[in-house]
Amino acid sequence: MKKLPIELQTLIVKELPTRDICRLQQTCKAFYDSIESNPEVWRECLRRQCSTDVLWSSFSGFTASELRRACTGTLRFKHRYRPGGHSKPPIPRLLPYNNQQSQGSDNPYPEIQATFLIPGGRFLITVDKKWLRVWDLGPPGSLVEPCESASRELNCTDKALEIADVVVTGKDMVHLLIQEWYSEPTLPQSFGIDRSEYNYSHWTTFTLFHRFEIRLPGRGQHSVRELGRLCVLHSSVSDICTTQDGPIVALGIGERVLLWGTSDSPDKSWVASRTGCGGTDGQDVFLHQGYAFIVDSDGLSGFDLTGITHRPVGKGLVDIQYGTPDIGHIPTPQKWSHQQDFQNTLRGWASDFMLHKPPAEGGPLFYDIRLPQLGAALPQPLTYESHDSYLQFCFSFHPDNPSASSLIPTKRYMTASQPCDTPHFHFALDEGVRGYIWYDYFSVNGGVERRNIFVSILDDPDFPEPSGSIFEGLGDFSEMIVTGPIPESTRVLHISVCPLSGRVVVLWDRESKNDRLVEIFDLYDFSLTT
């Protein structure tokens, strides 16, 4: 291969998996030097690794060395949290201080309500009661001070804000959905909606949704613009599940699914709803291959988005309280049931759903459901255990022939060696390899509760699991990112992980200080070779 022209060598190397490229570099100095300094090789390697939910502009302007760091990020992550490994905790960074008043404190932005690290690991979204900000954290391995990249003042009236959903929609664009719990019985006058236009009762709740488009090009100005606002009047006391795909937002609210079609022009935005699509014991919603799906303890319900009729949003208020008629027309959903042996077991425990993101555009998708203690053995190849665990399902959907689609259980996992019972979210590593973040509480100094954070890596061919289909968590994350003095009552509100960049962002709720703290952790020591 050494005798081949450099151009042909590059074409061959670009087709190799990341691990094989690193091994090829170790064969001789000539290959090491030619590959190490070749941005074309590492850029193509990174492009193959990046799924549709990774913001490609995160890597704009990267040198060959920085591209290599991103390409080998998942390898570094798996090596760091291999079974039996004990990694040295990284030192956290804070966001920059914004004024002289905060200089005397240990928290520059104590009122941040929500955070989200955009896949790619370079840009961080923060939301407080007044501002939406996007921060540039720098290339992987860079410890430069974060800088504000874009911002927008929010038209929110309540302090209870959440980031409901974030989806990457292109190489440099992100759609953000913010959920606001509005606690007053009367909407602000700025909404232009008179009190006589809605019926507010003791059981009524207002929930507001604000949708934004964030543009983060590699070159040019970064920007944030609002795509629309929807005020939902409802009677549900359960959590609202949300998802986005293109111009459509899907909301699961109690027994109803609500679809919101957003548009640049308010008069072109629309809504439609249907009752009876999900269960009252918890559900989730997602959009896939032109269908909207609702998952609950019984299984999946889905309907074709092209078969709905809707009505204009008007002033932006939607009333879906108990007893109100449905909006527009959503056809009767088609159903795919969980196996009958699981339905009684899952019913009542269906609040802990976890969709593996991003779902494959044309292939099968996976999601997990919590299993309580079982009273009967699971079908083979699954085996019985008396501890709470999670069951993974695989859904192979065929939109041209929905009746040919299949929904089957595949694996069951738990963390018998660690005091955790609920994974917080799933993130992808290599193809077929996945990671989970787990939370746990424990008592400190006479009853103060504090969160632990663990990481589990499953289906990794480099570190095979024990035989069978029950897996234990691998690695211990809590020693690296739990900060602050032990007596201080602190819990995790949100955590984002990006193996490509080696970044972890944690939003802490410090109850004793009545504030929230954002900490940024850089995991990798880039002085080491892969």
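Further up the page is the structure itself.
Because the structure is predicted, anything quoted here is derived from the model rather than measured. (Residues numbered from 1 in each chain as written. Predicted model: local features only at pLDDT ≥ 70, side-chain atom pairs only at ≥ 80, totals over all residues. Heavy atoms only, no water.)

Asks: Describe in detail unusual backbone geometry, supporting the description with residues and values.
Replies: Here the phi dihedral of Gln289 falls at roughly 55 degrees; this positive angle occurs in a residue that is not glycine. Position of Gln289 relative to the elements: it lies in the loop between β13 (284-288) and β14 (291-295). Taking the relative accessible area as the measure of exposure, Gln289 reaches 26% and is therefore partly exposed. (Helix = DSSP H or I, 4+ residues; strand = E, 2+ residues; numbered from the N terminus. Buried < 20%, exposed > 50% of the residue type's maximum accessible area, 1.4 Å probe, protein only.)

Asks: Mind laying out helix α5 (residues 64-71), listing which residues take part and the relevant values?
Replies: Counting buried residues along α5, six of its eight residues qualify, which places the element largely inside the surrounding structure. What α5 keeps buried is the set Ala64, Glu66, Leu67, Arg68, Ala70 and Cys71. Looking at the buried positions of α5, the neighbouring elements they touch are α2 (18-25), α3 (29-36), α4 (39-49) and α6 (73-80). (Contact = heavy atoms within 4.5 Å.)

Asks: I'd like a rundown of the sheet that holds strand β29 (residues 515-522), residues and numbers included.
Replies: On the basis of which strands lie adjacent, the open sheet formed by three strands has the order β27-β28-β29 and antiparallel pairing. Looking at which strands have only one partner, the edges of the open sheet turn out to be β27 (490-498) and β29. The average undirected angle you get between the axes of adjacent strands in this sheet is 15 degrees. Where β27 meets strand β28 (residues 503-510), eight bridges bridge the pair, whose relative direction is antiparallel. By the bridge assignment, Cys498 is partnered in β28 with Arg503. (Pairing = 2+ DSSP bridges. Axes fitted to C-alpha atoms, helices over the stretch in contact; angles between N-to-C directions.)

Asks: A description of α3 should follow, citing residues and the corresponding values.
Replies: Within α3, the full set of buried residues consists of Phe31, Ile35 and Glu36. Down the axis of α3, the smallest arc covering the buried residues is 115 degrees, so these residues share one side. In this structure, the buried side of α3 is in contact with α1 (6-13), α2, α4 and α5. (Arc of directions from axis to C-beta.)

Asks: Describe in detail the pattern of salt bridges, supporting the description with residues and values.
Replies: Should their charged atoms come close, side chains of opposite charge can pair. Scanning the model with the defined rule gives 20 salt bridges in all. Residue Lys513 is joined to Asp106 by a salt bridge in which the shortest nitrogen-to-oxygen separation is 2.9 Å. Placement of the pair is Lys513 in the loop between β28 and β29 and Asp106 in the loop between α6 and β1 (114-117), with a sequence separation of 407 residues. Residue classification places Asp106 among the partly exposed residues on the basis of a relative accessible area of 33%. Where Asp522 meets Arg503, a salt bridge forms, and the shortest distance between an N and an O atom there is 2.9 Å. One end of the pair, Asp522, is in strand β29; the other, Arg503, is in strand β28, and 19 residues separate them in sequence. Judged by relative accessible area, Asp522 falls into the buried class, the value being 14%. Residue class for Arg503 comes out buried when judged on its relative accessible area of 0%. Here the salt bridges share partners, and the residues they tie into one network are Asp106, Arg510, Lys513 and Asp515. (Salt bridge = Lys/Arg side-chain N within 4 Å of Asp/Glu carboxyl O.)

Asks: Describe the environment of Ser190, and please don't skip the residues or the numbers.
Replies: Among the secondary structure elements, Ser190 is positioned in the loop between β6 (173-182) and β7 (205-215). Note: C-alpha distance between Ser190 and Asn155 (35 residues apart in sequence) is 9.6 Å.

Asks: A description of the packing of α4 against α5 should follow, citing residues and the corresponding values.
Replies: Running from amino to carboxyl end, α4 crosses α5 at an angle of 30 degrees, the nearest separation of the two axes being 9 Å. By the angle between their axes, α4 is roughly parallel relative to α5. Viewed along their axes, α4 and α5 form a crossing whose handedness is left-handed. Here Pro39, Trp42, Arg43, Cys45, Leu46 and Gln49 of α4 lie close against α5, whose contacting residues are Ala64, Leu67, Arg68, Ala70 and Cys71. (Parallel < 35°, antiparallel > 145°, perpendicular 65-115°, else oblique. Left-handed = near helix turned anticlockwise from the far one by under 90°.)

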